[in-house]
Each structure stands twice: as structure tokens, then as C-alpha cells.
Amino acid sequence: MKIDGTHYRSLWWNSENHVLEIIDQRWLPHEFRVIPVATMQDFADAIYQMRVRGAPLIGATAAYGMALAMAEDASDANMDAAWAFLEKTRPTAINLRWALDRCRAALRPLPEADRAAAALTLAHEIADEDVEINRRIGEHGLALIREIAARKPAGEPVRLLTHCNAGWLATVDWGTATSPMYHAQDAGIPLHVWVDETRPRNQGALTAWELGKHGVPHTYITDNAGGHLMQHGMVDMVITGTDRTTRRGDVCNKIGTYLKALAAHDNGVPFYVALPSPTIDWTVSDGVAEIPIEERDAQEVTHVQGLTDGGGLGTVQVTPTGTQGGNPAFDVTPNRLVTGLITERGVCDASEAGLSDLFPNFAKAAE
Ligand code: MRU
């Protein structure tokens, strides 16, 4: 997507310096910084410290990490070591393991001499595929937004609500939940997006930044405001992303998503999840029981980062000194609260039947 007229992806390969470059998201939305990711430790730090974040982007980054590992030492032992080193960086988003597994399965049968080049080609492929998947999610989501727009008086905006950042910054391009929004905006459908701030890391500020750069009207709201807005008929549709969706359609996403789904259900507001197929974990069924939930540093809760009155970036403590913080980073929305899953192959019910109709080969392979 564009930043002030220039097209960016959230990561790209610098072929001159032979290095991956990323937008360091820790400084957004206040500062736009691009950094190289040049060592295996850089890759692990980029993922763990959330310089890159969002399930699809984590997966694509890990693929480039495998490419670096193969360039350094293409042995089986180093391939396994790189897999394990990167896999442990974040536990919830399944795209990380999906990308690492895909790389290992493709590279293992190759002679060592061919692995470095093949790994880099595969990383590029994974990044390009992500862009195309999200573009298609946008087209399918656009059809849903069009239906809502058609039922409204001419010129009245479709009011969407989203949680966290499932935008182009969380993918390679387009975003998942934001792709239907960008498609609708480009199609001239009047829109307004309620953006949840998404404490503790305030990924909503990234969403607001992206939407603003694309000219999509939006309002940044507290995480607690969504239920009230829904009770007053001010939300037509919720669209979120997902970090891992089970084979029966339970959706794990940023902490607080479940509460929005409950409020949507209580108020008859459609609750859709934008779901790229690499985010489906075909090996698990019951999301609440089976998905590991990342517990992050309590300081993300007790402190908050932002722009100070002096204009620089700063961190302030919001709790009394010594107060203990708790920071589960994700929650699971059971499939019964999900109206539909917007995938690259179309929209389906959040159910095993719905997903396996669209992805019969994957469903069968996992049996
Ligand atoms: O902790 P984060 O910022 O990596 O979490 C991101 C989310 O929860 C997103 O909503 C999810 O990954 C979907 S991204 C397209």
C-alpha cells in the first residue's frame, strides 16, 4: 500500500546488499524507520520484539530467516537448528511454523549446494503469495460490504469495526481485515471504520495510520467502546484478523477479540474474520483448549509508549510502582460467535464443513 504516494511492502529484499529490509514497527505510527535484518539473531529479535508483527508477516520473515541460515550453512543440522531457533520466538501465530515447515520440507530433499538459492526463491514466493491471498480476501470481503451498502440510504457510510492491526503492516501487503476496506474505498463505497486501540501494544494506532494514509475515514476508540456502539446501531459489521484458526473455525486473535464477538452476537452485528489459508491450523480443533496463548512482558501493560509533549518518543508508567501486570496477548473466539470466514477462496461458515469445502486437500492431508 502507499505511504505518501510511494508504494511499500512491509518487507522487501535488497538485492544489492543481499539483505532483508523491514519497516521497524516499534516506532510506528510516530516514526518511519527501515532497518536491515542481517543475522539470525536479528531475525529472532525482529519477530520476538515485534519489529515485525502480525501472523502473515511473521511467517514471511521466518522464511527469509531460513534463507539466511541456508546461505550460512546448508547442512541438515543447521536447517533444523534454524527452524527451532526461529520457531520459539512467538508461540501463537501459526504462520510462523507453517512457513518454517514449508521451507524445511522443500529444502530437505535438495543437495546442499542448491539450498541457499532455493530457500531465497521460496521466501520470495511466500511473500508474493501472501500479497495475492490478501488481495483475494479483499475482493471477497468487498462483496459483503457492497451488500450492506446496498441496504443503506445512498451516501450513508458502511460502519465497520476492527480490532488490533490486521492491516498491510501485519502482512506483506493489503492486510487481511483491511483488504476489504481498501477495496471498498477504492470502489467508491462510503465507509467509516471504528478502530479499537488494542491495549497493551496499541496496534490500533498502526491501523489508524494505515487507514489515514489511504484516505479511509476512521475513528480511534477505546477497547471498551465497541459494545456501546453496537447497542446503538453504530456498527454494521466487525472484521478482524486471526493468528490461528482451528479446523472447526475457532478463531485465535489479539486479546479482546472475544469480547467484541460476544458484543456483536448480543446485538446481531455480523462478525467476520479475514482468514488467509496459512493461518488455518488443521491439526487443532478446540481453540480454547489447544492453542498456546503467548504471555508477554507485564511492562507492556504497566507502561505505555507514545509521543511526548516535547515531540520525542517516550514511555510512561500508568500503574502504581510495584503493581503486578498480566499480559495474555491473544484470546479465542469460539466458532459459534463467528458469522463467516473470509478466505482467499471465498467466504465460508466457521465450521469444519465450511473450511474443508473450500480447502479439501489441506483438510484431507491433516486427517
Ligand atoms: O501481537 P501481534 O501484533 O503480532 O498480533 C497481531 C494480531 O493479532 C493480528 O490481528 C493478526 O495477526 C492478524 S494479522 C493479519
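The rules behind these values
Residues numbered from 1 in each chain as written. Predicted model: local features only at pLDDT ≥ 70, side-chain atom pairs only at ≥ 80, totals over all residues. Heavy atoms only, no water. Near = heavy atom within 4 Å. Polar contact = N/O pair within 3.5 Å; in protein donor to acceptor, adjacent residues only side chain to side chain. Areas by Shrake-Rupley, 256 points an atom, 1.4 Å probe, with all protein chains shown as cover. Helix = DSSP H or I, 4+ residues; strand = E, 2+ residues; numbered from the N terminus. Nonpolar A, V, L, I, M, F, W, Y, C, P; charged D, E, K, R; others polar. Domains from an automatic or database assignment. UniProt positions renumbered as here; feature names shortened; annotations may be inferred. Buried < 20%, exposed > 50% of the residue type's maximum accessible area, 1.4 Å probe, protein only. Contact = heavy atoms within 4.5 Å. Buried area = accessible area lost by both parts, 1.4 Å probe. Salt bridge = Lys/Arg side-chain N within 4 Å of Asp/Glu carboxyl O. Lys, Arg positive; Asp, Glu negative; His and termini not counted. Axes fitted to C-alpha atoms, helices over the stretch in contact; angles between N-to-C directions. Parallel < 35°, antiparallel > 145°, perpendicular 65-115°, else oblique. Pairing = 2+ DSSP bridges.

Engineer: Can you tell me about the site of the ligand, naming the residues and giving the values?
Structural biologist: Around the ligand, the structure places 19 residues, and the nearest of them are Arg53, Arg90, Gln203, Asp243 and Lys254. The contact in question runs from an oxygen atom of the ligand to an N or O atom on the backbone of Gly54, over 2.9 Å. Between Asn253 and the ligand, the recorded distance is 2.9 Å, taken from a side-chain N or O atom to an oxygen atom. Taken by itself the ligand offers 410 Å² of open surface, and the protein chains cover 100% of this. Taken together, the elements giving at least two residues each to the shell around the ligand come down to α2 (55-72) and β11 (251-254). Of the residues that constitute the shell around the ligand, the class distribution is seven nonpolar, eight polar and four charged. Each of domain 1 (2-129) and domain 2 (141-365) contributes no fewer than three residues to the shell around the ligand.

Engineer: Quick rundown of the UniProt feature "binding site: substrate" (unreviewed entry) in the chain? Include the residues and the values.
Structural biologist: Residues given the UniProt feature "binding site: substrate" (unreviewed entry) here are Arg53, Gly54, Ala55, Arg90, Gln203, Asn253 and Lys254. Along the polypeptide, Asn253 turns up in strand β11. We classify Asn253 as buried; its relative accessible area is 4%. In contact with Asn253, other than residues within four places in its own chain, are Thr240, Gly241, Thr242, Asp243, Phe330 and Asp331. Within polar-contact distance, the side chain of Asn253 engages the backbone oxygen of Gly241 at 3.4 Å. We classify Lys254 as buried; its relative accessible area is 7%. The contact partners of Lys254, leaving out residues within four places of it in the chain, are Arg90, His163, Cys164, Thr198, Gln203, Asp243, Ala329, Phe330 and Asp331.

Engineer: Requested: an account of the domain arrangement of the chain, with residues and values cited.
Structural biologist: Once the domains are mapped, the chain shows domain 1 (2-129) and domain 2 (141-365). Put simply, the middle of domain 1 and the middle of domain 2, counted by C-alpha atoms, are 24 Å apart. Across the boundary between the two partners, domain 1 contributes 35 residues, which contact 35 residues of domain 2. Surface buried jointly by domain 1 and domain 2 totals about 3000 Å² across both partners, of which 57% is contributed by carbon and sulfur atoms. When the buried area of domain 1 at its contact with domain 2 is split by residue, Arg53, Thr92 and Ile94 rank highest and sum to 21% of it. Counting across the interface, domain 1 meets domain 2 through two salt bridges. Among the salt bridges present, the one from Arg90 reaches Glu294, with a minimum N-O distance of 2.9 Å.

Engineer: Run through the side chain of Asp331, naming residues and quoting values.
Structural biologist: Summarising the element assignment, Asp331 is placed in strand β16 (residues 330-333). Of the side chains with opposite charge, Lys260 lies nearest to the buried Asp331, which makes no salt bridge, at 9.0 Å. At 2.7 Å, the side chain of Asp331 and the backbone nitrogen of Gly256 are in polar contact. Dropping the residues within four chain positions of it, Asp331 is found in contact with Val251, Cys252, Asn253, Lys254, Ile255, Gly256, Thr257, Tyr258 and Ile293.

Engineer: I'd like a description of the packing of α2 against helix α5 (residues 112-150), backed by residues and values.
Structural biologist: Following both chains from N to C, one finds α2 and α5 inclined at 170°, their axes separated by 7 Å at the closest point. Regarding the angle of α2 to α5, the classification is roughly antiparallel. Contacts between α2 and α5 involve Pro56, Ala60, Ala63, Tyr64, Met66, Ala67, Met70 and Ala71 from the former and Arg115, Ala116, Ala119, Leu120, Ala123, His124, Ile126, Ala127 and Asp130 from the latter. Split into classes, the residues belonging to the contact of α2 with α5 amount to 14 nonpolar, one polar and two charged.

Engineer: Mind laying out the UniProt feature "active site" (unreviewed entry) in the chain, listing which residues take part and the relevant values?
Structural biologist: Within this numbering scheme, the UniProt entry marks Asp243 as carrying the feature "active site" (unreviewed entry). In this structure Asp243 comes out as buried when scored by relative accessible area, which is 8%. With residues up to four places along the chain from it excluded, the contact list for Asp243 reads Ala55, Thr92, Ala93, Ile94, Asn95, Cys252, Asn253, Lys254, Thr279 and Phe330.

Engineer: Quick rundown of the sheet that holds strand β4 (residues 19-23)? Include the residues and the values.
Structural biologist: Spatial strand order, β3-β4-β5: three strands in an open sheet with antiparallel pairing. In this open sheet, the two edge strands, each paired with only one partner strand, are β3 (11-14) and β5 (34-37). Mean inter-strand twist for the sheet, computed between neighbouring axes without regard to direction, equals 30°. As paired elements, β4 and β5 share four bridges and run antiparallel to each other. Following the sheet pairing, Leu20 is matched in β5 by Val37.

Engineer: Summarise the pairing of β4; cite the residues concerned and give the values.
Structural biologist: Of all five residues that make up β4, five are buried, and the element is covered over most of its length. In β4, alternate side chains face the same way, and those of Val19, Glu21 and Ile23 on one face and Leu20 and Ile22 on the other are all buried. As consecutive antiparallel partners, β3 and β4 are separated by four residues, and within that stretch His18 has a phi angle of approximately 55°, a positive value.

Engineer: Talk me through unusual backbone geometry; I want residue IDs and the actual numbers.
Structural biologist: With an omega of 5°, the peptide bond between Leu28 and Pro29 qualifies as cis. You can see Pro29 is positioned in the loop between β4 and β5. Cis geometry marks the peptide bond from Arg199 to Pro200, where omega comes out at 10°. Secondary-structure assignment places Pro200 in the loop between β7 (191-196) and α7 (203-213).

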